[in-house]
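# Close look at the chain arrangement
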Amino acid sequence: MFDLNSAILSSIGLTLTLVLVLMIFGAYQQRTLIMHWVRGLLLFALGLGVYFIAQTSLVDGPQGVYAASAVTIIAWGVSLYVNGIRMFRGYRVYRYWPLLVVTTLLACNAVMLNTHTSERWILLSNLLVLICVFGDGSRSLVGHGKDFVAHVFWLCCSLFAGISLLLAFMATKVVLNDHVSLHSFSDWRIHAYVMSASVLVFTAVTALLLLVMHVRAQAGLQAIATLDVLTGVLNRRGLQEAATRMQAVSQRIRLPMGLLIVDLDYFKKVNDVYGHLVGDVVLKSCAGTIRAALRGGDVIGRYGGEEFCILMPNTGEQEAMILAERIRRIIEVTPVNIAGVESMSSDTQAIKCTVSVGAVSSETVGYGLEGLFAGADQNLYKAKQNGRNRIASNIDQLLNKPPESHKPAKRHASLIA
Ligand SMILES: Nc1nc2c(ncn2[C@@H]2O[C@H](COP(=O)(O)OP(=O)(O)OP(=O)(O)O)[C@@H](O)[C@H]2O)c(=O)[nH]1
């Protein structure tokens, strides 16, 4: 039989194990937040220890005093833990909330124990404060959205709310019962079992929140590994992964897939004339402009220094060329604002850039990724050879005839003072 002493001792053991796990976790990340939880749980374990001492009659004195002290310490611990949850969710941490909880309980208990008020009222006031603390915890955990993380928050919130309801149930019983006495064994039992249940809830909530932390850290690492730091679009690795996925799906459902390689014309000149910082600003701006011109489902990545690659699902070569022309045109008419870039000696306000685009689709070169990239590269070379600021594809006879705006770019990026 799992008796009361075993329940309290195993709860203390579980809490201390949780503290140990958190400290190991905290050595690697989010130390400040983890320390809120560690301090909270240590106080919780201390409160349970006080219960245990009173329960086993290791000390003399009125048990009511020990009960009140235990609840005070436990409520203090929970409020610290809840502050950790608030920090985790990005809410403002109530630094004085734990202090308020302790002071309220100490004052209530001191007054009631000294005035020999019925223990019923001591229990009731303690339970009410505990309900508030657990209630605040569940409120802080209410999640938004419908993703995995939101489900975890919902679960954590329900567990905290469950404990609040249990405490509310106990409080109601205390109110209805005229003969509640802290000296009676049955009250200790109920109280300590609820506290043990709280430990289980803490364990579950902590485990779930650590899981969310881990998932978020993984997602962050994944983003770092696949995103280009300068432009925010996919880097070569991310692009490769996206291309592999898109190619597999396109081939399977037998829909064409298009690919563009967009290369800034005479970009070396920009670096040479204005410096690398301006070059970076131009790259960033052009990536943003191109991204804004894409359709939903299209993917953009940085293929090389001043080269971007665009992957287009369900796109034949003719359509790829239409998008290529749209990109060429939008870059041509969108000057890059470079005013205020540090270390700029010239007073040039904006730079007008142009791009050459090589387009290809699986219709003409098949689904092989190597063939698609090589085909787009060859067409880009063709566009450069033909004078830059133009597009080229395997079927570009029609669109490749340069209209007025297709004038060959000058040997350097034109400037707008
Ligand atoms: N500022 C900046 N420059 C870069 C970056 N990556 C590559 N570059 C520069 O991009 C330039 C590419 O020059 P080239 O390959 O000669 O190409 P280009 O001058 O654009 O000439 P064409 O492509 O033939 O029109 C080089 O000067 C590189 O140093 C970057 O991240 N930031």
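Residues numbered from 1 in each chain as written. Predicted model: local features only at pLDDT ≥ 70, side-chain atom pairs only at ≥ 80, totals over all residues. Heavy atoms only, no water.

### Some words on the sheet that holds strand S3 (residues 307–313)
Strand order across the open sheet formed by five strands is S2-S3-S1-S6-S7, with mixed pairing between neighbours. If you trace the sheet from one side to the other, it starts and ends with strand S2 (299–302) and strand S7 (391–392), each paired once. Pairing geometry for strand S1 (residues 257–264) and strand S6 (residues 355–361), over seven bridges, is antiparallel. Across the sheet, residue Gly-258 finds its bridge partner in S6, namely Ser-361. Together, S1, S3, S6 and S7 form the strand contacts of helix H11 (residues 317–333), whose direction differs from that of S6 by roughly 165 degrees. (Pairing = 2+ DSSP bridges. Helix = DSSP H or I, 4+ residues; strand = E, 2+ residues; numbered from the N terminus. Contact = heavy atoms within 4.5 Å. Axes fitted to C-alpha atoms, helices over the stretch in contact; angles between N-to-C directions.)

### Quick word on the pattern of salt bridges
Applying the stated rule across the entire model yields eleven salt bridges. One salt bridge in this structure joins Arg-139 and Asp-136, with 2.9 Å as the shortest N-O distance. Here Arg-139 and its partner Asp-136 are both found in helix H5 (residues 119–141), three residues apart, which amounts to about one turn of the helix. Residue classification places Asp-136 among the buried residues on the basis of a relative accessible area of 8%. Glu-332 is the partner of Arg-328 in a salt bridge, and the nearest nitrogen-oxygen pair spans 3.2 Å. Of this pair, Arg-328 and Glu-332 are both found in helix H11, four residues apart, which corresponds to roughly one turn of the helix. In this structure, Arg-328 and Glu-332 share a single accessibility class: buried. Salt bridges sharing common partners tie together Glu-325, Arg-328, Arg-329 and Glu-332. (Salt bridge = Lys/Arg side-chain N within 4 Å of Asp/Glu carboxyl O. Buried < 20%, exposed > 50% of the residue type's maximum accessible area, 1.4 Å probe, protein only.)

### Description of the state of the cysteines
Throughout the structure, instances matching the rule amount to zero disulfides. Take Cys-286: it sits in no disulfide, and the sulfur closest to it among the cysteines is that of Cys-353, at 4.6 Å. Using a relative accessible area of 2% as the deciding quantity, one classes Cys-286 as buried. You can call Cys-353 buried: its relative accessible area is 5%. (Disulfide = S-S within 2.5 Å.)

### Observations regarding the side chain of Lys-384
Along the polypeptide, Lys-384 turns up in helix H13 (residues 369–385). In this structure, Lys-384 is in contact with Asp-263, Leu-264, Asp-265 and Ser-356, ignoring residues within four places of it in sequence.

### A word on the UniProt feature "transmembrane region" (unreviewed entry) in the protein
UniProt's entry tags residues 6–28, 40–59, 65–84, 96–115, 121–137, 149–170 and 190–212 with the feature "transmembrane region" (unreviewed entry), counted in the numbering of this structure. Strand forms 0% of residues 6–28 and helix 91%; the C-alpha atoms that close the span are 34 Å apart. (UniProt positions renumbered as here; feature names shortened; annotations may be inferred.)

### Looking at the environment of Phe-52
Turning to its location among the elements, Phe-52 is positioned in helix H2 (residues 31–55). Between the C-alpha atoms of Phe-52 and Ala-7, which are 45 residues apart in sequence, the distance is 9.7 Å. What Phe-52 contacts, discounting residues up to four positions off in sequence, is Asn-5, Ile-8 and Leu-9.

### Things to note about the nonpolar core
Core analysis: the biggest nonpolar cluster contains 64 residues, and Trp-37, Leu-48, Leu-141, Phe-160, Phe-202 and Leu-209 have the highest contact counts within it. Secondary-structure elements contributing two or more residues to this core are helix H1 (4–26), H2, helix H3 (63–88), helix H4 (97–114), H5, helix H6 (148–176) and helix H7 (185–226). With 13 residues, the single largest contributor to this core is H2. Setting aside anything within four residues of it in sequence, one finds Leu-48 in contact with Ile-8, Ser-11, Ile-12, Thr-15, Ile-74, Met-195 and Val-199. (Core = buried A, V, L, I, M, F, W, Y, C linked by side-chain atoms within 4.5 Å.)

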